[in-house]
Amino acid sequence: MSATDAPTADERILRTSPLRKLLGRPELGSVVGAIAVFVFFALAADSFLRAASLSTVLYASSTIGIMAVPVALLMIGGEFDLSAGVMVTSSALISSMFSYQMTANVWVGVGVSLLVTLAVGAFNGFMLTRTKLPSFIITLGTFLMLTGMNLGFTKLIDGTVSTKTIADMEGFPSARDVFASTITVGGVGFKITIVWWLALVAVASWILLRTRAGNWIFAVGGNQDAARAVGVPVAKTKIGLYMGVAFGAWIAGQHLLFSYDVVQSGEGVGNELIYIIAAVIGGCLITGGYGSAVGSAVGAFIFGMTSKGIVFAEWNPDWFKFFLGAMLLLATLLNAWVRKRAEATK
């Protein structure tokens, strides 16, 4: 047998180099960006590296990250949810108004809010899979309906644009401990939303990387017709992803309620774009089929560092949106470059 006839090694058993693995990670670009933003504000703001300041940054990151994680999974599955921002407010309003009007333990309102919020997520997924309309249209319609319902029901029931206080009701202290308490570590207070955020990142990463459902999410985001052809339950997967966004909205909504006691019915509008931006900065592709939960967490962390770093540096906060837009463009370009490099090394 000549040298040219020698069998080649099976690609499936070839070892992947650490560099190739690193370049293949969706969150690589966002990690590089996060390091650059951290160093920048550490040099620009003397107070940025203080423990209390980092706690504030983590809190700001967590309030976005709680929603960015399920939104990232939904984007990996190839869809969007423009109702995510107002759904957070809806969740808080339902808990507050149901508890107050029924004079029930606030935990009853929390439970009812969970059921209703999940139903809204299921509605989004069901309408998407049944009508075959783009998720942009479906969730834009839900966004408008929820925005009107939030304002309309609050005025109808409470007579104003904000809810009544429920701070004196039974169950409020324990609910506040679960959703809005502060944990002291080394003399520095950390909001419990940071724990919720990290827990969601861990669970979402496990789902994506270690379960059959994770394979389904990547499959429907990459090519749903091909996924359906090999037996992937496309409709159930997408409905589940929308319910995941709803679950994140429920957690964020309860934090909003039990942090401030009352809820303004007009809050949340525009936040859905911030969640999507965090996911995109973290490496999720607009076209679906690519991304990670860890990347969304890094994207949220970049958001937190920027929003609070500008304050610590005593700059005009009007520039925040400019920096956010610039980071979005730079992160998208960097992510595209990293992905091309990863594909070139295969």
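The protein chain carries the name Xylose transport system permease protein XylH in an unreviewed UniProt entry, which gives Streptomyces fumanus as its organism. According to UniProt, the comment filed for the protein chain under the heading Subcellular location (unreviewed entry) is "Cell membrane".

A. Geometry of the side chain of glutamine 254. You can see glutamine 254 is positioned in helix H10 (residues 234–260). Only 2.7 Å separates the side chain of glutamine 254 from the side chain of serine 95, close enough to count as a polar contact. In this structure glutamine 254 touches Ser91, Ala92, Ser95, Val110, Ser113 and Phe179, once residues within four positions along its chain are discounted.

B. Local environment of the packing of aromatic side chains. In total, this model carries twelve aromatic pairs according to the counting rule given. The interplanar angle of 65° and the centroid separation of 5.6 Å between the aromatic rings of phenylalanine 38 and phenylalanine 48 together place this pair among those described as edge-to-face. With a gap of ten residues between them, phenylalanine 38 in helix H2 (residues 28–44) and phenylalanine 48 in the loop between H2 and helix H3 (51–76) connect regions that are remote in the sequence. On the basis of relative accessibility, which here comes to 0%, the residue phenylalanine 48 falls in the buried class. Through a chain of ring-to-ring contacts, the aromatic side chains of Trp107, Phe172, Phe179, Trp196, Phe247, Trp250 and Phe258 assemble into a single cluster. The cationic tip of lysine 191 hangs over the ring face of tyrosine 59; the distance from NZ or CZ to the ring centre is 5.9 Å.

C. Spotlight on the packing of helix H5 (residues 106–131) against H10. Direction vectors running N to C along H5 and H10 enclose 150°, while the axes themselves pass 8 Å from each other. Crossing angle aside, the handedness with which H5 passes H10 is right-handed. Among the residues making up the contact of H5 with H10, the classes are represented as 16 nonpolar, seven polar and one charged.

D. The arrangement of the UniProt feature "transmembrane region" (unreviewed entry) in the protein chain in detail. Per the UniProt record, "transmembrane region" (unreviewed entry) is annotated on residues 28–45, 57–76, 107–127, 133–157, 178–208, 274–307 and 319–338. Annotation note: span residues 133–157, helix share 92%, strand share 0%, distance between end C-alpha atoms 34 Å.

E. Representation of the side chain of serine 135 in the model. Within the secondary structure, serine 135 is located in helix H6 (residues 135–158). Those residues in contact with serine 135 that sit more than four places away from it in its chain are Glu79, Phe80, Leu128, Leu140 and Tyr242.

F. Structural view of H5. End to end, H5 covers 37 Å across 26 residues, agreeing with the expected 38 Å (1.5 Å per residue, within 8%). Buried within H5 are the following residues: Val106, Gly109, Val110, Ser113, Thr117, Val120, Gly121, Asn124, Gly125, Leu128 and Thr129. Packed against the buried residues of H5 are helix H4 (84–102), H6, helix H7 (172–180) and H10. Structurally, the start of H5 carries an N-cap: the backbone nitrogen of tryptophan 107 is 2.8 Å from a side-chain oxygen of asparagine 105. At the exit of H5 stands lysine 132, carrying a positive phi of roughly 65°.

So, how was this worked out
Residues numbered from 1 in each chain as written. Predicted model: local features only at pLDDT ≥ 70, side-chain atom pairs only at ≥ 80, totals over all residues. Heavy atoms only, no water. UniProt positions renumbered as here; feature names shortened; annotations may be inferred. Helix = DSSP H or I, 4+ residues; strand = E, 2+ residues; numbered from the N terminus. Polar contact = N/O pair within 3.5 Å; in protein donor to acceptor, adjacent residues only side chain to side chain. Contact = heavy atoms within 4.5 Å. Phe/Tyr/Trp six-rings, centres within 6.5 Å; stacked < 30°, edge-to-face > 60°. Buried < 20%, exposed > 50% of the residue type's maximum accessible area, 1.4 Å probe, protein only. Lys NZ or Arg CZ within 6 Å of the ring centre and 35° of its normal. Axes fitted to C-alpha atoms, helices over the stretch in contact; angles between N-to-C directions. Left-handed = near helix turned anticlockwise from the far one by under 90°. Nonpolar A, V, L, I, M, F, W, Y, C, P; charged D, E, K, R; others polar. Expected span 1.5 Å × (residues − 1).

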